[in-house]
Amino acid sequence: MSIAFKPDETFRGDYTYRNSDAAILRFPFPFPEDRYMYSVNMEPHNGSGPSDAFVHAFDVDEHYIAECRDRAITLERDPGRCQALPHMMMAQWDTLELLMESLSHDYPEHFALHKSGEGFGATWTWTNRPLGLEQRFTFGDAATLPCEPFEYITRQVQGDFAICDQRDNNLFLDAGMVTSQADWSLDFNVGMSFMEWHGPVPLAHQAGVFERALKYLLMVRLGQPVRRLNWTMTVNPRLDTSPETYPEWGPDRASLTPENIGRKLHLRVELQTLWRLPRSNALLFPIRCYLASLDELVRVPKWGKRLHRVLSTLPPQLAEYKGLTRYLPMAVAYLAQYDDGEALPVGTTADTDALAEPA
Amino acid sequence: MTIAASDIKSRPVYQPLSPEAAATRHWLVLEAAAQDADACRALVQAFAPVQPALQVWSVGPLTLDGLPVAVLADTAALAPQLAQAGPFRVSDRLYVQGTEPFIWSVAALAAAAGLAAEQVQLAHAGSLRRRVWCTHCHGFTEGVTTSTVPCAGCGRHLLVRDHFSRRHGAFMGVMVDAEAPGQRPAVQEVFP
Amino acid sequence: MIVSSLKLRVAAVDDIAPSLRHLRLEAADGAPLPPTGAGAHVLLSLPGAARTHRNAYSLTNPPGTRSGYDVIVRRVPASRGGSAAVHERLKVGDLLDAQTPGNLFAPVRGARHHLMIAGGIGITPFLSYLQDAGVRQTGATLHVCCRESEKDVFKPWLPDGADVRFHWDADGHRLDIAALLAAQPVGTHLYVCGPSDLNDAVIRAAEAAGWPASQVHTEHFGVASAGGSAFEAVLRKSGLRVRVGEDESLLEAIERAGVAAPCLCRGGACGVCVTPVLEGDPEHHDHYLSADEKAAGRLIMPCVSRARSPQLVLDL
């Protein structure tokens, strides 16, 4: 299918990133109800969902080229954003295979994959038309690629990726490509167990959410991927909101005014999927980031009202953990004008095909 | 001093050292300056039963009433000492007691020697001082006893958090005044 | 690609020993199958005389194989049905339903050496280990305890150059487990797969020899599926009665009856499908209810749990 790529939009500096009308309508809005609380909100990732963003295994949208460029900039500045512990090479090849097969199957206009045979030692030819790449290599031989397989392929896919080694009834974050994270450090977390890397998340530990989530994840099966949504907010459409560069983007939190908050404050939604990998038995954890400004979101009337209600009832500990405290009252005040108090149906769908006029 | 409980699950919680009966060889590694008289007595009581298969190494001068101790001049002497004691087996156990920066430095050496985490017991004694990892420059600041500290690598003032990385053996430090430069909370001595 | 179950065709059957039958299974539509992994197994639905049996068998293929799956099935004298189905009824061309492969016995990738002990047919998962590129690079040793005659049966299945030692019950040839487990170097991981007596003996010996528990592994074919004995579910509010078959979950039976019960993860963890039980004894397989709730038996998670009693009455 054809995608109108916007290759030159930026996620730093002049921040020219914007969503087209179509991109707004397919946004993975995360709130089905007027109040938000943590839950084990996992469901099968099986080809359908509340918007087009959920349909493909790994979603490619109009921001694809621009996001790949932004990743390359981040990696140039900080190569430690991509790491894989030595025992993860089998999982790296599993990941490369899954991504190349899925993309070439779902977007044949943009990606193509040819294999000379099955198994390690076969010659693969990979074509990535949007990025203008053609690569011939031996599956299983990292020396035939410009860099290790995990880095090679994740440089060509939107969103962050973590690979968890599964051992001892536990998951360990033993590899990652992390350039669009909501404020966690790969270099600090690499090698941590499931409970360790979730250490700082408030409230959910007491509710037993993580114990149940871990048991569920350990049983994720080959061919049966699952997904969930996570969310936070970001000032400016900035992908690299890492703790490493916090001195760069942190001051933006204090730069909001009632005049600019509509276009500067973004809802940041992570579509997280989970895939069992066949040879390594590891768990691939893609974290796909979607950004939309308040002004873009309120053009879907249901979303503007719901967002107002969720933010105005958010528990303070959650607001603190998500870094929203400084500007939350201003955001709530801004959104109030779009909320007429009408009762809304449960569910996240836009419930409209046409957007309201821009503010 | 005892370590305060933390909401953060990555923060290690320590138990008193206790030799494992099924293990075939035991090494006890101590930071001398961290052990008071009570700690020494407790160690002798716990480890006397495995004395025939036990070696005790102390970084800094220490005597234990009832167990022979090999004294090492400094932490740098540990790596060659471990190398000589190897190659290690699955049935070996290592027990380490001291400040957190010390015990996690030893844990890193043990991991490099191939010992699994289950083969290494860690216990805290002495000062609560912390090794802090700077999220921004990835450098380490040693001997931190305060709630915020200037980073030894980049100079930014870091809030010392309870989020802990076993691989780095350090607590996370994050710039405390990025959003409002210069506005910093009062420095408090919290890890004496 | 998203695949939840497989339709396989029996491509080859051969008896490699009086009680051992090899099956080659390929996709019924000729498409590539999901790739195998070291230690993986496949759950086959085998047509029995009276009902369908679901049995799991280790895949012996080199990891990453997609052209077909190879399993070796032992004839069990007092077979409940699965083994008898394979040895007496299955023939080339037959179609079988299967789940996509699962893996509860994967090698530990960070190990410095893999030490394997197999008892008889328990050798099968290790055949895939020995063909795993990572395991070969790290280093592996396999000890096989079997009947003396069986060692020649298994030899053709072993890759060239693999370090394999055979043991059988005769003087000078028995495996001295204690001696093997003493003084193994750090980073060695131990895997045992065989009759439960052998598994238990090895695990006990490893513990006595000071092995960390996290370095000792045994295959559990465990209940990953929601099958079990059939029972009747009465949906009181809907006024419906539905028989829950052996091969389906309670939730699937409810859905089959036309009731759209709320659910989300379908894995016993999220809590969305929790349903009150009015009568009968639930058999809990979930990770959601507390110990007290499970003991009280007034709630059930239909996506994974079943019934101890012949009937369950649900407030649905």
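The residue count restarts for each chain, going from 1 along the sequence in the order it is written. Note on labels: chains are lettered from A, ligands numbered from 1, in written order. Selection of residues for local features in this predicted model requires a pLDDT of at least 70, selection of side-chain atom pairs for listing and counting requires 80 or more, and totals for whole chains, interfaces and linings are taken over all residues.

Participant: Help me understand the overall build of chain B in this model?
Facilitator: For the purposes of this entry, the term helix denotes a DSSP run of H or I that reaches at least four residues, the term strand denotes a run of E that reaches at least two, and both are numbered from the N terminus. In terms of helices and strands, chain B carries three helices and 10 strands. When the helices and strands of chain B are read in sequence order from the N terminus, they spell out β-α-β-β-α-β-α-β-β-β-β-β-β. Overall, the C-alpha framework of chain B stretches about 60 × 35 × 30 Å when taken along its three principal axes. Counting all 192 residues of chain B, 40% fall into the buried class. We call two residues in contact whenever the C-beta atoms placed from their backbones are within 7 Å. Restricting to contacts in chain B with at least 6 residues of sequence separation, those with at least 24 account for 61%. Exposure classification rests on a simple neighbour count of other C-beta atoms within 10 Å of a residue's own: a residue reaching 20 or more is buried, one at 12 or fewer is exposed, and one in between is partly exposed. C-beta atoms are placed from the backbone.

Participant: Quick question: what am I supposed to make of the overall build of chain C here?
Facilitator: The number of helices and strands found in chain C is eight helices and 18 strands. Projected onto its principal axes, the C-alpha coordinates of chain C cover approximately 70 × 50 × 40 Å. Here chain C, with 316 residues, has 45% of them falling under the buried criterion. Within chain C, contacts between residues at least 6 apart in sequence are counted, and of these 64% link residues at least 24 apart.

Participant: Before we go on, may I ask you to explain the sheet that holds strand S16 (residues 299–300) of chain C in this structure?
Facilitator: Paired through their backbone hydrogen bonds, the strands of a sheet run either parallel or antiparallel. Residue and element names in this part refer to chain C. In spatial order, the strands read S13-S12-S18-S14-S16; together these five strands make up an open sheet with mixed pairing. Two strands close off the open sheet at either side, each with one partner strand: strand S13 (240–244) and S16. Across four bridges, strand S12 (residues 231–235) lies against strand S18 (residues 311–314) in parallel orientation. Note on S18: the bridge partner recorded for Ala-233 is Leu-312. Strands pair, by our definition, only if DSSP identifies at least two bridges between them.

Participant: What is the right way to read the sheet that holds strand S5 (residues 120–124) of chain B from this model?
Facilitator: Residue and element names in this part refer to chain B. Pairing is parallel across the open sheet formed by five strands, whose spatial order is S3-S2-S1-S4-S5. Every other strand in the sheet has two partners, leaving strand S3 (70–72) and S5 as the edge strands with one partner each. On average, each strand axis in the sheet is tilted by 20° relative to the strand beside it, whichever way the strands run. As defined by bridge partners, strand S2 (residues 54–59) adjoins S3 across three bridges and the pair is classed as parallel. Bridging from a neighbouring strand, Val-59 pairs with Leu-72 of S3. For every element, the axis is a line fit to its C-alpha atoms; helices are fit only across the contacting stretch, and the angle between N-to-C directions ranges from 0 to 180 degrees.

Participant: Looking at this structure, I do not really get the interface of chain C and chain B. What am I missing?
Facilitator: You'll often see interface size given as the accessible area lost when the parts meet. Between chain C and chain B, the residue contacts involve 15 residues of the former and 14 residues of the latter. Gly counts as polar in this scheme, as do all residues outside two lists: the nonpolar Ala, Val, Leu, Ile, Met, Phe, Trp, Tyr, Cys and Pro, and the charged Asp, Glu, Lys and Arg. Its residues assigned to classes, the side of chain C that touches chain B comprises seven nonpolar, six polar and two charged.

Participant: Would you take a moment to explain the pairing of strand S10 (residues 170–175) of chain B for this structure?
Facilitator: Consecutive residues of a regular strand have side chains that alternate between opposite faces of the sheet. Taking burial as the measure, the six residues of S10(B) include six buried ones, the bulk of the element. What sits between the antiparallel neighbours strand S9 (residues 157–165) of chain B and S10(B) is a turn of four residues, in which Gly169(B) has the positive phi angle 65°.

Participant: Explain the interface of chain C and chain A here, please?
Facilitator: Each partner contributes to the interface: chain C provides 32 residues, whereas chain A provides 33 residues. Across the side of chain C that touches chain A, the residue classes break down as 16 nonpolar, 13 polar and three charged.

Participant: For this particular structure, what's the right way to read the nonpolar core?
Facilitator: Soluble globular proteins: nonpolar side chains tend toward being buried together. Throughout this description, the term nonpolar core refers to a group of buried Ala, Val, Leu, Ile, Met, Phe, Trp, Tyr and Cys residues whose C-beta atoms join them within 7 Å. One finds Val96(B), Val42(C), Met116(C), Ala118(C) and Phe126(C) to be the most contacted residues of the largest nonpolar core, which totals 83 residues. If one sorts the elements of this core by residue count, helix H3 (residues 100–112) of chain B sits on top with seven residues. Among residues more than four places away in sequence, those in contact with Val96(B) are Val29(B), Ile103(B), Val106(B), Ala107(B), Val120(B) and Leu122(B).

Participant: Is there a simple way to explain the domain arrangement of chain C in this structure?
Facilitator: When the domains of chain C are assigned, the result is domain 1 (5–99), domain 2 (113–218) and domain 3 (231–314). As used throughout, domain bounds are those supplied by an automatic or database domain assignment. The straight-line distance from the C-alpha centre of domain 2 of chain C to that of domain 3 of chain C is 41 Å.

Participant: Could you clarify how one ought to interpret the confidence of the model for chain C in this entry?
Facilitator: Low-confidence regions, as indicated by low pLDDT, have predicted coordinates that should not be scrutinised in detail. For chain C, per-residue confidence averages 89 on the pLDDT scale, and residues scoring 70 or more make up 94% of the total. pLDDT gives the predictor's per-residue confidence on a scale running from 0 to 100. When the criterion is pLDDT under 50, residues 221–225 of chain C qualifies, and its contacts beyond four places in sequence or with other chains add up to eight contacts.

Participant: Please clarify how helix H2 (residues 64–77) of chain A should be interpreted in this entry.
Facilitator: The periodicity of an α-helix, 3.6 residues per turn, causes residues three or four positions apart to be oriented the same way. All names here are of chain A. Here a helix's expected span is defined as the number of its residues, less one, multiplied by 1.5 Å. Taking 1.5 Å as the rise per residue, H2 with 14 residues should run 20 Å; its terminal C-alpha atoms sit 20 Å apart, in good agreement. Every buried residue belonging to H2 is among Tyr-64, Ala-66, Glu-67, Asp-70, Arg-71 and Thr-74, and all of these are buried. Considered in projection along H2, the buried side chains sweep an arc of 160° and stay on one side of the axis. In H2, the exposed residues that point more than 90 degrees away from the buried face are Ala-72 and Glu-76. Along the arc lie the directions from the helix axis toward the C-beta atoms.

Participant: Explanation requested: the domain arrangement of chain B in the structure shown.
Facilitator: Residues and elements named next belong to chain B. Once the domains are mapped, chain B shows domain 1 (25–124) and domain 2 (130–175). One C-alpha centre belongs to domain 1, the other to domain 2; they are set 26 Å apart. Facing six residues of domain 1, the contacting portion of domain 2 comprises four residues.

Participant: Would you explain helix H13 (residues 328–336) of chain A in this entry?
Facilitator: All names here are of chain A. All of the buried residues along H13 are Ala-331, Tyr-334 and Leu-335. Down the axis of H13, the sector holding all buried residues measures 95°, keeping them to one side. Exposed and oriented more than 90 degrees from the buried face of H13 are Pro-329 and Ala-336. Buried residues along H13 sit in contact with helix H9 (261–264), strand S9 (265–276), helix H10 (294–297) and helix H11 (301–312).

Participant: What is the right way to read unusual backbone geometry from this model?
Facilitator: Apart from glycine, the bulk of residues carry a negative phi angle, and the bulk of peptide bonds sit in the trans form. Omega for the bond connecting Gly86(B) with Pro87(B) falls within 30 degrees of zero, at 0°, which places this linkage in the cis form. Even without a glycine there, the phi angle at Asp183(A) is positive, about 60°. Checked against the element boundaries, Asp183(A) lands in the loop between strand S7 (170–177) and helix H5 (186–189). By C-beta crowding, Asp183(A) is classed as partly exposed, having 19 other C-beta atoms within 10 Å. Of note, Asn281(A) is a non-glycine position whose phi angle comes to about 60°, a positive value. Its location among the elements puts Asn281(A) in the loop between S9 and strand S10 (283–293).

Participant: Would you explain the pairing of S12(C) in this entry?
Facilitator: Residue and element names in this part refer to chain C. The two faces of S12 differ: Phe-231, Ala-233 and Leu-235 on one face are buried, but Glu-232 and Val-234 on the other face are not. Pairing of S12 with S13, which is carried by five bridges, proceeds in the antiparallel orientation. The partner of Leu-235 across the bridge, within S13, is Leu-240. Between S12 and S13, which pair antiparallel in sequence order, lie four residues; one of them, Gly-239, sits at a positive phi of approximately 65°.

Participant: What is the right way to look at the packing of H11(A) against H13(A) in this model?
Facilitator: How two helices pack is summed up by the angle between their axes together with the distance between the axes. Residues and elements named next belong to chain A. Taken N-terminus to C-terminus, the directions of H11 and H13 make an angle of 150°; their axes are 9 Å apart at the nearest point. Note that H11 runs across H13; the crossing there is left-handed. Packed against H11, whose contacting residues are Gly-304, Leu-307, His-308, Leu-311 and Ser-312, the element H13 presents Leu-328, Ala-331, Val-332, Leu-335 and Ala-336 at the interface. Looking at the contact of H11 with H13 residue by residue, the class counts come to seven nonpolar, three polar and no charged. With the far helix as reference, a near helix turned anticlockwise by less than a right angle produces a left-handed crossing, and one turned clockwise produces a right-handed crossing.

Participant: Where do I start with the environment of His163(B) in this structure?
Facilitator: Secondary-structure assignment places His163(B) in strand S9. Setting aside residues up to four positions removed in sequence, His163(B) forms contacts with Gly199(A), Pro200(A), Ile8(B), Ser10(B), Phe171(B) and Met172(B).

Participant: Can you walk me through the environment of Trp249(A) in this structure?
Facilitator: All names here are of chain A. Inspection of the secondary structure puts Trp-249 in helix H8 (residues 246–249). What makes Trp-249 partly exposed here is the crowd of 19 C-beta atoms within 10 Å. Between the C-alpha atom of Trp-249 and that of Val-235, which follows or precedes it by 14 residues, the distance is 8.1 Å. Not counting chain neighbours up to four residues away, the residues in contact with Trp-249 comprise Arg-238 and Thr-241.

Participant: Whenever I open this one, the environment of Asp132(C) confuses me. Can you help?
Facilitator: Residues and elements named next belong to chain C. Within the secondary structure, Asp-132 is located in the loop between helix H2 (124–129) and helix H3 (133–138). Residue Asp-132 is classed as buried on the basis of its 24 C-beta neighbours within 10 Å. Along the chain, Asp-132 and Phe-105 lie 27 residues apart, while their C-alpha atoms are 13 Å from each other. If near-sequence neighbours (up to four positions away) are discounted, Asp-132 is found in contact with Ala-38, Pro-63 and Pro-107.

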